[in-house]
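# Geometric and topological summary
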Amino acid sequence: MFLRILFLSTAYLLIAGSFPALPVWAGGGNDLADLNRKTPLSLLNQGKNLFVHYCAHCHGLSGDGDGFNAEYLDKEPAELSDEKFQSKKTNHQIFRTIKKGGVGVRKSHLMPAFGNTLSESEIWSLVAYIRSFGKEDLQPVFLPQGVNTERPLGELVSVVSIQSFKEWFREEGEKESTIQAGEKLFKKKKSCFACHQLDEEGGRIGPDLSRSGILYGPEWVYAWITNPQAYKAETRMPDMGVSSEEARFIAAFLNGLQGEAEETPEGELPYLQATGNPENGKRLFFDPDGKVYCSKCHRVNGDGGTIGPALDHAGTRRSPVFLLESILEPKAVITSGYSTVLILTKDRKFITGIKKFEDDSGVGIVDKEGKQLFIRKERIKKYKTQKISMMPGNFKELLDVQEVADILAYLKSLKLAEFSSEATEEK
Ligand code: HEC
Ligand code: HEC
Ligand code: HEC
């Protein structure tokens, strides 16, 4: 059957010049009027951008199933460019898989659901783009009438639900049964393990979570996984429709992961014990003529540079110990998405910067002055990821204990309103 359709459609292409309006085959469940139209280019382009952002790390840029993350998955990401896949699946089936994820269509939990993150029209654009890996004119894709073009906003975590999470956590958070339930959700039921690594196992799209208990506060994990887009609109982590009960168990499981228990190094204690002045910390942070000028690279509420990650709610997300470590020894933990690459070009030049993207044509990086560079594949002789940070490593020498404590106090003050203790005490 498939061969016949293919044959007919090739025949159609050959004779298209002489009979432009002749509908030769019926495809895709679209209206009759659509039969001899092609997928609109604007839909394909939209789909391509979304695919590169959300899908290519597993499925590969050309849908061949060979994204960099594929080798860490127990189940191979579908080869979307494969002819069998293209002929067997209807547009609606592909739409459903993307919307509901593997679990929603009795496939592997490692395929995440995107229906809580993307609008229906965006999902259709992905279907259109996936068709372009095969013979796109076999089943052209059009936006169905009345399709929703708004992204679902997802539930915002309220002051009340954070308060009730904290109370629950105090009672239940460290119980063995709680932690086991969370582990099962993380590894077997939800898609977390497809993107996050625990002790060398699991995907590499998001940060390694083996030491979550040290890196993040449990309330933050609870809020973040319930609705990542509320805190970072463009994050690659989808909203998986995790219920508040599931989020509790997962947050408790991750909180139990402490990595190798490390004592706070004695050298760091004076910084943590000093009482910081957040006003002065803020001044140091933003002062272009000062010793450190953090805002050259970091934004807070839209103000500052983009070389480093935004620190908008650093005080909620990160523990004080982590923040201090980031200032004194930036290379100890490199924030995901900010690893540095060293490129050696064929004309023997070294270029370093933060890798922002990579495709068949080359690698895009940002250097430490914030300049964007694109290096074409033909120019590259060798390149490797380095365990260094673009953040200067000499703040310990430049700043005295009081100044570090001031900056730390400023970072700790950067909280989301619903997390600050005043807000929770009011309710
Ligand atoms: C973390 C890795 C990962 C990401 C990200 C991912 N997928 Fe998948 N996808 C998978 C895996 C694994 C499967 C195979 C599931 C199975 O066969 O049980 C799959 C299967 C599929 C299938 C085919 C299911 C079938 O009917 O055989 C489609 C279509 C698909 N993905 C589309 C997408 C799109 C579109 C995106 C981006 C919006 C995306 N995927 C993102 C891992 C991923
Ligand atoms: C498709 C890949 C993907 C899936 C599936 C996924 N994540 Fe993520 N996750 C990410 C990425 C990417 C980030 C980095 C966030 C950013 O800065 O955009 C992240 C960040 C995080 C963080 C750190 C947040 C912070 O403040 O830095 C936690 C905790 C987390 N994810 C937990 C989970 C849990 C639990 C699940 C399963 C319910 C999950 N993730 C599923 C990709 C994913
Ligand atoms: C030249 C640019 C630059 C300057 C200046 C700089 N940083 Fe950074 N910072 C970075 C980069 C890049 C990263 C991400 C890589 C890493 O984790 O080291 C980072 C990471 C961080 C993190 C970790 C963020 C997270 O949640 O993962 C913190 C906190 C931080 N910086 C604070 C500061 C403070 C405070 C200052 C000033 C005292 C400062 N930075 C100055 C570039 C810079």
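The structure under discussion appears in the preceding block.
Residues numbered from 1 in each chain as written. Chains lettered and ligands numbered in written order. Predicted model: local features only at pLDDT ≥ 70, side-chain atom pairs only at ≥ 80, totals over all residues.

## Observations concerning unusual backbone geometry
Operational definition: Helix numbering and strand numbering both begin at the N terminus, where a helix is a DSSP run of H or I of at least 4 residues and a strand a DSSP run of E of at least 2. Put simply, a residue is buried when 20 or more other C-beta atoms lie within 10 Å of its own C-beta and exposed when 12 or fewer do; between those, it is partly exposed, and each C-beta is set from the backbone.
Here Asp199, not a glycine, exhibits a phi torsion of approximately 45°, which is positive. Relative to the elements of secondary structure, Asp199 occurs in the loop between strand S1 (197-198) and strand S2 (201-202). With 10 C-beta atoms counted inside 10 Å, the residue Asp199 sits in the exposed group.

## A closer look at the sheet that holds strand S9 (residues 380-386)
We apply this condition: Only when DSSP finds a minimum of two bridges between them are two strands counted as paired. Each axis is a line fitted through C-alpha atoms, taken for helices only over the stretch in contact, and angles between the N-to-C directions span 0 to 180 degrees.
One open sheet holds the five strands; their spatial order is S8-S7-S6-S5-S9, and the pairing between them is antiparallel. At either margin of the open sheet sits one strand with a lone partner, and together these are strand S8 (372-376) and S9. Each strand axis lies, on average, 45° off the axis of its neighbour in the sheet, ignoring direction. In this structure, strand S6 (residues 350-359) lies alongside strand S7 (residues 362-366), joined through five bridges in antiparallel fashion. Bridging across to S7, Ile354 finds its partner in Val366.

## Digging into the site of ligand 2
Our working rule: Nearness rests on one distance test: the residue's C-beta atom, set from the backbone, must lie within 6 Å of the molecule or strand. Amino acids are sorted into nonpolar (Ala, Val, Leu, Ile, Met, Phe, Trp, Tyr, Cys and Pro), charged (Asp, Glu, Lys and Arg) and polar (every other residue, Gly among them).
The full set close to ligand 2 counts 28 residues, and Cys192, Cys195, Gly206, Thr235 and Met237 are the nearest of them. Within the residue set of the shell around ligand 2, elements represented by two or more residues are helix H9 (192-195) and helix H11 (218-226). Looking at the shell around ligand 2 residue by residue, the classes come out as 17 nonpolar, seven polar and four charged.

## Let's talk about the site of ligand 1
What counts, and what does not: For every domain, the bounds stem from an assignment made automatically or drawn from a database.
Around ligand 1 there are 26 residues in total, and Cys55, Cys58, Lys107, Ser108 and Met111 lie nearest to it. When residues of the shell around ligand 1 are traced back to their parent elements, those giving at least two are helix H3 (56-59), helix H5 (91-104) and H9. A total of four residues in the shell around ligand 1 trace back to one element, the largest contributor, which is H5. Taken together, the residues of the shell around ligand 1 sort by class into 16 nonpolar, seven polar and three charged. Both domain 1 (25-138) and domain 2 (159-255) contribute no fewer than three residues apiece to the shell around ligand 1.

## Things to note about the packing of helix H17 (residues 320-328) against helix H19 (residues 401-412)
Selection rule: Angle categories: roughly parallel below 35 degrees, roughly antiparallel above 145, roughly perpendicular from 65 to 115, and oblique for all the rest. Note: crossing handedness is left-handed where the near helix turns anticlockwise from the far helix by less than a right angle, and right-handed where it turns clockwise. Residues are treated as contacting if the C-beta atoms built from their backbones sit within 7 Å of each other.
Packing of H17 against H19 brings their axes to within 10 Å, and their N-to-C directions diverge by 130°. What the angle tells us is that H17 and H19 run oblique. As for the relative orientation of H17 and H19, their crossing is right-handed in sense. Judged by residue contacts, Pro320, Leu323, Leu324 and Ile327 of H17 engage Val404, Ile407, Leu408, Leu411 and Lys412 from H19.

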